[in-house]
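# Descriptive analysis of the structure
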Amino acid sequence: MRSLEPFYFERQDNCLYVLNQKILPLKIEYVRCVTCEDVVKSIKDMTVRGAPVIGLVAGYGFVLGIKEFFDHYAKRLSEDQINKKKFFLKYISDLESKLVSTRPTAVNLSWTVNKIKSFLITKLNSTNISRKIITLVLAEMKNIHQEIISQNLKISKLGYKLISKQKDKCVILTHCNAGTLATGGVGTALGIITELHRHKKIKTVYVTETRPYMQGARLTMFELISQGVPCELICDNMAGFVMKNKQVDCVIVGADRIAKNGDTANKIGTYSLSILAKYHNIPFYVAAPSSTIDTSISDGDKIVIEERSEEELKIVNGKLITLKNAKVYHPAFDITPAKLISAIITEKKVYRYPYKF
Ligand code: MRU
């Protein structure tokens, strides 16, 4: 069985449905997004999460925004195409800023929204501003999604080739969730793992629970179990003990943004795992599409780290687990220095340190 689709666009009602990842795996429920604002909210409150998927969902949010333009604004504008275009260009650049600013660390948000916006701007040179544009941007969003699906597949094949050489049956450790739910394709880190499993190369996968949002416990375990991959859940603070005692062959994680020098932003806890892996002589791999590489940023220090609300740390299953007035620090990502990464697996090639993209 394949994992659940993280979202789908329904042509019948022209709405985007996003899988509510906050309540998985206990409940399967899709949230209907009618407007761009609905999409903004679902990304901000993490109903939908995972770097490539938030990019795709934001792209569809852009499409919804364009639809809103024709439903509410277009009629009120004069027929003068020049004035209409001026207004429209300002409208789409506001849409872009609104969507890109929903979460700061993952570069995929700006990558996708920028791609769809540039497509639209090119089209505007040869098309009048009419409802026909909605169909055009929707079709382009589907192409972008297809591109991500095929990049995921290539990553899984290249990663398989690299890791299957290592051992007959591998023990792998992974962190957070970099599967279908986070990417919309077979996944990056999890794409490689499921490809290894298809070739019967997996002994077991240790999945860190990934406090506080529990992407590992709730989402990665759900995806691996649905696909029959042998896996065991561990608490984040068990990783060192597991590496020392369970012959872990490699660590594979995804990425939210990779700087020009290879420093990588990924879910909080990744950096600690990379140090543990180094100490235990375990290869540490990052798997991500090349669109996650942001060559405009020289190194990891310049990557903006998202800080999330204190409630996400203090409240578990609706219950306060510390003092009401406890002060909280809650960075959602950390930076793993390039030096600690054995290889970066993209759809184009497997890069090795020192990274030159
Ligand atoms: O905060 P999230 O859940 O949106 O975090 C993003 C992630 O899922 C990961 O850090 C992941 O490794 C990159 S997405 C394939």
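All values derive from a computational prediction rather than experimental measurement. (Residues numbered from 1 in each chain as written. Predicted model: local features only at pLDDT ≥ 70, side-chain atom pairs only at ≥ 80, totals over all residues. Heavy atoms only, no water.)

Read from one edge to the other, the open sheet built from three strands follows the order S1-S2-S3, with strand pairing classed as antiparallel. The two strands at the open ends of the sheet, each matched to only one other strand, are strand S1 (7-10) and strand S3 (30-33). With direction set aside, neighbouring strand axes in the sheet form an average angle of 25 degrees. Helix-sheet contacts for helix H1 (residues 36-44) involve strand S2 (15-19) and S3, and the interaxial angle to S3 is about 140 degrees. (Pairing = 2+ DSSP bridges. Helix = DSSP H or I, 4+ residues; strand = E, 2+ residues; numbered from the N terminus. Axes fitted to C-alpha atoms, helices over the stretch in contact; angles between N-to-C directions. Contact = heavy atoms within 4.5 Å.)

Now for the packing of aromatic side chains. Using the criterion set out here, one finds 12 aromatic pairs in the structure. Ring geometry for Phe69 against Phe87: centres 6.1 Å apart, planes inclined by 35 degrees, an arrangement best described as tilted. Taken together, the residues Phe69 in helix H2 (residues 51-73) and Phe87 in helix H3 (residues 81-100) connect sequence positions 18 residues apart. Between Phe69 and Tyr91, the ring centres sit 5.1 Å apart and the planes meet at 55 degrees, which makes this aromatic pair tilted. On the criterion of sequence distance, the pair formed by Phe69 in helix H2 and Tyr91 in helix H3 is long-range, its members being 22 residues apart. Cluster of aromatic residues (ring-pair linked, three or more members): Phe69, Phe70, Phe87, Phe88 and Tyr91. One cation-aromatic arrangement involves Arg218 over Tyr213; the distance from NZ or CZ to the ring centre is 4.8 Å. Sitting over the face of the ring of Phe333, Lys267 holds its NZ or CZ atom 4.2 Å from the ring centroid. (Phe/Tyr/Trp six-rings, centres within 6.5 Å; stacked < 30°, edge-to-face > 60°. Lys NZ or Arg CZ within 6 Å of the ring centre and 35° of its normal.)

Our next topic: the environment of Asp45. As for its placement among the helices and strands, Asp45 is situated in the loop between H1 and H2. As for Asp45 and Tyr279, which are separated by 234 residues in sequence, their C-alpha atoms are 36 Å apart. Leave out the neighbours within four places in its chain, and Asp45 touches Lys22 and Arg308.

Here the focus is the pattern of salt bridges. Overall, the coordinates contain 19 salt bridges when judged by the stated rule. Between Lys115 and Glu147 there is a salt bridge, and its shortest N-O distance comes to 3.5 Å. One end of the pair, Lys115, is in helix H4 (residues 108-124); the other, Glu147, is in helix H5 (residues 132-164), and 32 residues separate them in sequence. Look at Glu147 and you get partly exposed, because its relative accessible area is 29%. With a closest N to O distance of 2.7 Å, Arg308 and Glu306 form a salt bridge. Each of the two residues, Arg308 as well as Glu306, counts as buried. (Salt bridge = Lys/Arg side-chain N within 4 Å of Asp/Glu carboxyl O. Buried < 20%, exposed > 50% of the residue type's maximum accessible area, 1.4 Å probe, protein only.)

Turning our attention to the site of the ligand. Around the ligand lies a shell of 18 residues, among which Arg49, Arg103, Asp256, Asn266 and Lys267 are the nearest. Gly50 places a main-chain nitrogen or oxygen 2.9 Å from an oxygen atom of the ligand. In this structure, Gln215 approaches the ligand through a side-chain N or O atom, which is 2.8 Å from an oxygen atom. Elements that contribute at least two residues to the shell around the ligand include exactly H2 and strand S9 (264-267). Considering only residue class, the shell around the ligand consists of eight nonpolar, six polar and four charged. (Near = heavy atom within 4 Å. Polar contact = N/O pair within 3.5 Å; in protein donor to acceptor, adjacent residues only side chain to side chain. Nonpolar A, V, L, I, M, F, W, Y, C, P; charged D, E, K, R; others polar.)

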